[in-house]
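Geometric and topological summary
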Amino acid sequence: MTGQSRLVLSRRQLVTGLASAGGLLVAGCSSRELPPTYGNVLRMGDLVTYRAFRTLLPAGALVREYARGDITSSPAVGTSDPADPHQGLYSAERGPLFDQLRTGAFGDWRLRVEGRVAKPREFSLAELMALPSRTQITKHTCEEGWSAIAEWRGVPLRAVLEAAGILPTARFVNFFAFDETAEGLDMIDALHPQTILAYGMNGRELPLAHGAPLRLRVETQLGYKSVKFLERIVVKDEFDDLGKIGSLQNGWAWYVGI
Amino acid sequence: MAAVLPVESSERPVAGHARWVRLTHWILAASVLTLAFSGFEILMVHPRLYWGKTGNDLTPAILELPVSRNYRHGGWAPPVTFDRGSTPVVSAARTYDIFNQNSWGRSLHFLAAWFLLLAGLAYLAAGFLGGHVWRDLLPRPRELAPRVLWQDLAAHLRLPMRPAAGGPPYGVLQKLSYAVVVLLALPLMVVTGLAMSPAVTAAYPGLMDLFGGSQSARTIHFFAFAALMLFLLVHVAMVALSGFRRQLRAMTIGG
């Protein structure tokens, strides 16, 4: 690519970015490829941040990985025991099921992968562990302001999506938990080499408080994107705000790279 | 050196603030107030400051601020030990329902940060290229003589204060405080803010090292905020004491 065409491309990207940001500020989001703003000025700001980060930051840059000696203590917050009906995020539908699965040491637990994939399927823990694993010592940054370094062991999300035959039209990957939480990622973060489905933490199996038997780790965003207690992954061509259990309708930003 | 700087420029406005200075001043003022408000809310959610790469309720803080019911709340389940090495790492579940309004707090913070960033970059570009920074903000070497500084300080402490015209030329303390705010403190706020972002630090990990870690950057972010609030207090007091109506007119309609 010549310097000139690169310049043209970047200028076009800039113009497109500015025009869409401007249009979105005025009219709200009508695109099905972007998170909606609902006409809310805070969500418009979130959208500008998302677009700017995706335009300005190199995709796929790896977060720093640390040494074993850097591992720190890790608070377990924001989620609760999915089997406890007294907890705020309890799901009457999935809570009792989680209780059963945990009693059986998650032997009957399965991760469903569905939506825009050629071969919708289920994975047992053993099947996930049989896929190539990745171990990474990374920093967890909570929106509250604290951070912690831990070692995570799991399977790259990309490997699981490819095993299910993710379709080329796919744009978003949504994650549903056994409690009332759900989050979504765009393909840049979903296919990021450090985005893993973790079953191990600090050299042992994933503790319940940190999302056993399987949790998402999204190292390029804040902690609340890393859904614990995974039940189901749904691949989509279009943006889905995930309704009452998604971050957006609860007033939280969908993209939290900052 | 002086020859290349437009010190004696004939384009110098007669009096008052240039229109672009007035415009960016108020965009920055609104952004800073919004950032301070939302930033304080964010601080209230976790009023503990650390030094280094990480910090959380299970690790020691260098400063704890009594600014919300989250201050030393103590609602933690008994810790579970991961590693029985020389420095055992633990995990504990929180049993306390903390104050947390970060849903709007964080989004408002970054919305205001975009206005600060864009107005700030416009100000710095115009200020450096047009000569405002060199001409009006950076003190001449002779102004930094202790005697001159002392005289200017004494003049600020005498009441009633001598009425001042709105706009440059500024006294040496004025120059120093404005220069520190626009050339050091506000850029430092932006850069320490970015040093806390997981996506930005993935692309530019050097940002973390620059401050000794993301939590150090957060601590510096807080103290720079405190310094800016102190500046704001003195700034508004000086405006009020040196002819409030004239100063306000100079920074709004000009003249």
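Above this text you will find the structure in question.
Everything numeric here is computed off the predicted structure, so don't read it as measured data.

**Remarks on the pattern of salt bridges**
Residue and element names in this part refer to chain A. As enumerated under the stated definition, the model contains 29 salt bridges over all chains in all. Here arginine 54 makes a salt bridge to aspartate 189, at a shortest N to O gap of 2.8 Å. Taken together, the residues arginine 54 in helix α2 (residues 41-56) and aspartate 189 in helix α6 (residues 187-190) connect sequence positions 135 residues apart. Overall, arginine 54 belongs to the partly exposed group, its relative accessible area being 23%.

**Side note on the nonpolar core**
Trp109(A), Leu111(A), Phe175(A), Leu197(A) and Ile233(A) are the most contacted members of the largest nonpolar core, which totals 35 residues. Residue assignment for this core shows that the elements contributing at least two residues are α3 (95-103), β2 (110-115), α4 (125-130), α5 (157-163), β6 (172-177), α6, β8 (196-201) and β11 (230-236) of chain A. With 24 residues, the next largest nonpolar core counts Leu43(B), Ala119(B), Leu137(B) and Ala179(B) among its residues.

**Some thoughts on the sheet that holds β6(A)**
Residues and elements named next belong to chain A. With mixed pairing, five strands are arranged side by side in an open sheet as β3-β2-β11-β6-β7. Only two strands of the sheet have a single neighbouring strand rather than two, namely β3 (121-124) and β7 (182-186). Neighbour to neighbour, the strand axes of the sheet diverge by 20 degrees on average, direction disregarded. Sheet topology places β2 next to β3; four bridges connect them, and they run antiparallel. Within β3, the residue paired with valine 113 across the bridge is arginine 121.

**Some points on a nonpolar patch on the surface**
Together, Trp51(B), Ile62(B), Leu63(B) and Phe223(B) make up a nonpolar patch on the protein surface, roughly 420 Å² of accessible area in all. Secondary-structure assignment places Leu63(B) in strand β2 (residues 63-64).

**Some points on the packing of helix α1 (residues 19-45) of chain B against helix α8 (residues 214-241) of chain B**
Residues and elements named next belong to chain B. Viewed as axis vectors pointing N to C, α1 and α8 meet at an angle of 130 degrees, and their least axial separation amounts to 11 Å. One finds that α1 runs oblique with respect to α8. Viewed along their axes, α1 and α8 form a crossing whose handedness is left-handed. Across the interface between the two elements, His25, Val32, Leu33, Ala36, Phe40 and Leu43 from α1 touch Phe222, Phe225, Met229, Leu232 and His235 from α8. Here the contact of α1 with α8 is composed, by residue class, of nine nonpolar, two polar and no charged.

**Structural notes on the interface of chain A and chain B**
Accessible area lost when the parts come together is the quantity often used to give the size of an interface. In this assembly, 50 residues from chain A lie in contact with 47 residues from chain B. Counting the surface lost from both chain A and chain B, the interface buries some 3,800 Å², and carbon and sulfur atoms represent 60% of this. Linking chain A to chain B there are three salt bridges. Residue Lys53(B) is joined to Asp70(A) by a salt bridge in which the shortest nitrogen-to-oxygen separation is 3.7 Å. The interface formed by chain A and chain B includes 25 residue pairs in polar contact (both at pLDDT 80 or more).

Calculation criteria
- Residues numbered from 1 in each chain as written.
- Chains lettered and ligands numbered in written order.
- Predicted model: local features only at pLDDT ≥ 70, side-chain atom pairs only at ≥ 80, totals over all residues.
- Heavy atoms only, no water.
- Salt bridge = Lys/Arg side-chain N within 4 Å of Asp/Glu carboxyl O.
- Helix = DSSP H or I, 4+ residues; strand = E, 2+ residues; numbered from the N terminus.
- Buried < 20%, exposed > 50% of the residue type's maximum accessible area, 1.4 Å probe, protein only.
- Core = buried A, V, L, I, M, F, W, Y, C linked by side-chain atoms within 4.5 Å.
- Pairing = 2+ DSSP bridges.
- Axes fitted to C-alpha atoms, helices over the stretch in contact; angles between N-to-C directions.
- Patch = residues over 30% accessible without salt bridge, like charges linked within 9 Å, V, L, I, M, F, W, Y side chains within 5 Å.
- Areas by Shrake-Rupley, 256 points an atom, 1.4 Å probe, with all protein chains shown as cover.
- Parallel < 35°, antiparallel > 145°, perpendicular 65-115°, else oblique.
- Left-handed = near helix turned anticlockwise from the far one by under 90°.
- Contact = heavy atoms within 4.5 Å.
- Nonpolar A, V, L, I, M, F, W, Y, C, P; charged D, E, K, R; others polar.
- Buried area = accessible area lost by both parts, 1.4 Å probe.
- Polar contact = N/O pair within 3.5 Å; in protein donor to acceptor, adjacent residues only side chain to side chain.

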